[in-house]
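# Survey of secondary and tertiary structure
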Amino acid sequence: MKQVDAADAVDAAGTTETGRDGSGRWGAGSGAWHAGIRRAIRTGFRPGLWKRGPVLAALALLLGLLMLLHAKIPNRVGNLGSLVETFLPWFGLFIPVLLAGALLRRSASAVAALLLPVMVWLNLFGGLLSDKSRPGSDLTVASHNVGADNPDPAGTARDLAASGADVLALQEMTEQARGTYEKGLAKAYLYHTVQGTVGLWSKLPLSDTQPVDIQQDVGPLADTKPADVKMTDNRALRTTVATDQGPLAVYVAHLGSARVTPRTGFWTDSRDRNAQALGKAIAAEQNERVVLLGDLNGTMDDRAFADIASQLRSAQDAAGDGFGFSWPAKFPVVRIDQILVRGVKPESAWSLPATGSDHLPVAAGINW
């Protein structure tokens, strides 16, 4: 008995009277449409197309599972989980590469397998592809790691003063450059405070300013150092900004560095310790309205910031345009400079033009 496959069945169905016009002849458009359907079905049912490219299909599935289950990647060896999460958005670049390979190999199985990483990536980051900013805000805040090796602190101060921010946080100020920033920002900001290497400049009054202990200096030797010596390396502060809508608690922080080395892998010991201490300080904050400005040396996808992320939300995620990468300034690939809020509504978020620093300044407009 002759076997009839799916394509033959469609051919047979296509010759019935239901596909004809009043004269009993095929219409030109209808015939072309049915011919296209028959070719597509014939192509899809060719066994060879599904057998080709098994390696590409396997790689596509692995990519999707890696992004889907990134939180399950252990940190026991070289902080691999945190490293993957730091650059998680960039794993989407493998999708077009694998798609190109699948099309070249004419592999239906690889194309189908790519649906998994596409859906996972869109679920994780699709919301960042649109512009969620809205016009108008009660207060504009900005943050900038000005860079200890900044060759032009005076120019950086001028650029920041011209940004229009009502509240401006600076990190990584050296003792030598501190006076330059104070002089350059004096006309634009009536109030400011500096605690160690971080500072806050404001057009509105400040009060209750104090350093925040983020466990930067720990160990047996740290206990022997006097407070004034420790203060020179202080990297976090908390203050209250008096706004027309009421008091706003503002934190400025510069967490420890992260390094990738052959011996240690993704080294984040001091940063993670700082993040835990900062999370506890924010949890103890009595003011319901809180803004955190700073260089956290990590992305909010990194599990190390789970405690902070559970209390505050990213202004960039809520009201920004795109990913808002901030480092390195010449070719930004990650957003490690953050504006996080609680009790206020982000209306917009953006990156400011480059200065002499290796970081881009970041800004956000907020409402009550």
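Residues numbered from 1 in each chain as written. Predicted model: local features only at pLDDT ≥ 70, side-chain atom pairs only at ≥ 80, totals over all residues. Heavy atoms only, no water.

### A short note on the nonpolar core
Let me state the cut-off plainly: Here, nonpolar core refers to any group of buried Ala, Val, Leu, Ile, Met, Phe, Trp, Tyr and Cys residues whose side-chain atoms link them within 4.5 Å. Three exposure classes are used, based on accessible area relative to the maximum for each residue type with a 1.4 Å probe and protein chains only: buried under 20%, partly exposed in between, and exposed over 50%. Helix numbers and strand numbers start at the N terminus; a helix is a DSSP run of H or I with at least 4 residues, a strand a run of E with at least 2.
Membership of the largest hydrophobic core comes to 21 residues, with the highest contact counts inside it found for Leu 200, Leu 248, Leu 293 and Ile 339. For this core, the elements supplying multiple residues, two or more each, are strand E1 (139-145), strand E2 (167-171), strand E4 (198-202), strand E6 (236-243), strand E7 (246-254), strand E10 (290-295), strand E12 (337-342) and strand E14 (362-367).

### Considering the packing of helix H4 (residues 54-68) against helix H8 (residues 115-125)
Just so we agree on the cut-off: Whenever a helix is involved, its axis is fitted only over the stretch in contact; in every case the axis is a line through C-alpha atoms, and angles between N-to-C directions fall within 0 to 180 degrees. Just so you know how the angles are binned, under 35 degrees is roughly parallel, over 145 roughly antiparallel, 65 to 115 roughly perpendicular, and the rest oblique. With the far helix as reference, a near helix turned anticlockwise by less than a right angle produces a left-handed crossing, and one turned clockwise produces a right-handed crossing. Every residue pair with non-hydrogen atoms within 4.5 Å of one another is taken to be in contact. Under the scheme applied here, ten amino acids are nonpolar (Ala, Val, Leu, Ile, Met, Phe, Trp, Tyr, Cys and Pro), four are charged (Asp, Glu, Lys and Arg), and all others, including Gly, are polar.
In contact at an axis separation of 8 Å, H4 and H8 are set at 25 degrees when each is read in the N-to-C sense. Classed by the angle they form, the pair H4 and H8 counts as roughly parallel. Regarding H4 and H8, the two cross each other, and that crossing is left-handed. From H4, Ala 60, Leu 61, Leu 63, Gly 64, Leu 65, Met 67 and Leu 68 reach across to H8, where they touch Leu 116, Pro 117, Val 120, Trp 121 and Leu 124. When the residues that make up the contact of H4 with H8 are grouped by side-chain class, the tally is 11 nonpolar, 1 polar and no charged.

### Some remarks on the sheet that holds E4
Put simply, the rule reads: Pairing between strands is defined by DSSP: at least two bridges between them are needed.
Strand order in the open sheet made by the 6 strands is E3-E4-E2-E1-E14-E13, with mixed pairing throughout. With one partner strand each, in any of the chains shown, strand E3 (191-195) and strand E13 (345-351) form the two edges of the open sheet. Averaged over neighbouring strand pairs, the angle between their axes works out to 15 degrees when direction is ignored.

### A closer look at the pattern of salt bridges
How we decide: Criterion for a salt bridge: a side-chain nitrogen of Lys or Arg within 4 Å of a carboxyl oxygen of Asp or Glu.
This structure, assessed with the given rule, holds 7 salt bridges. Glu 347 is the salt-bridge partner of Arg 134, the closest N and O atoms lying 2.7 Å from each other. Linking Arg 134 in the loop between H8 and E1 with Glu 347 in strand E13, this pair joins segments that are 213 residues apart in sequence. By relative accessible area, Glu 347 is classed as buried at 6%. The shortest N-O distance in the salt bridge between Lys 345 and Glu 347 comes to 3.9 Å.

### Regarding the sheet that holds strand E5 (residues 206-211)
The mixed open sheet is built from 6 strands, whose spatial order is E5-E6-E7-E10-E12-E11. Looking at the sheet topology across the chains shown, the edges are occupied by E5 and strand E11 (313-314).

### Description of the pairing of E12
In terms of burial, E12 is largely enclosed, as 5 of its 6 residues are buried. As paired strands, E10 and E12 are joined by 6 bridges and run antiparallel to one another. Bridge pairing in E12 links Leu 292 to Leu 340. When E11 meets E12, the two strands line up antiparallel, connected through 2 bridges. Following the sheet pairing, Arg 313 is matched in E12 by Val 341.

### Side note on the layout of surface pockets
Cut-off, in case you're wondering: Grid spacing is 1 Å over the protein atoms alone, the probe is 1.4 Å, and a cavity is where that probe fits but cannot get out, while a pocket is an open set with protein on both sides within 12 Å along at least five of seven lines and lining residues have an atom within 4 Å of a point. Grid points are joined across faces, edges and corners, and a volume is the space filled by probe spheres set on the points.
A volume near 490 Å³ is recorded for the largest pocket. Lining the largest pocket are 27 residues, and of these Arg 259, Asn 297, Trp 327, Ile 336 and His 359 sit closest to its centre. Contributions of two or more residues to the lining of the largest pocket are made by helix H5 (80-86) and strand E8 (259-261). Partitioned by chemical class, the residues of the lining of the largest pocket number 10 nonpolar, 11 polar and 6 charged. By volume, the second largest pocket is sized at about 400 Å³. Considering the residues around the second largest pocket, the lining is formed by 21 residues, among which Phe 125, Leu 128, Met 300, Asp 301 and Asp 317 are closest to the centre. Here the lining of the second largest pocket is composed, by residue class, of 11 nonpolar, 6 polar and 4 charged.

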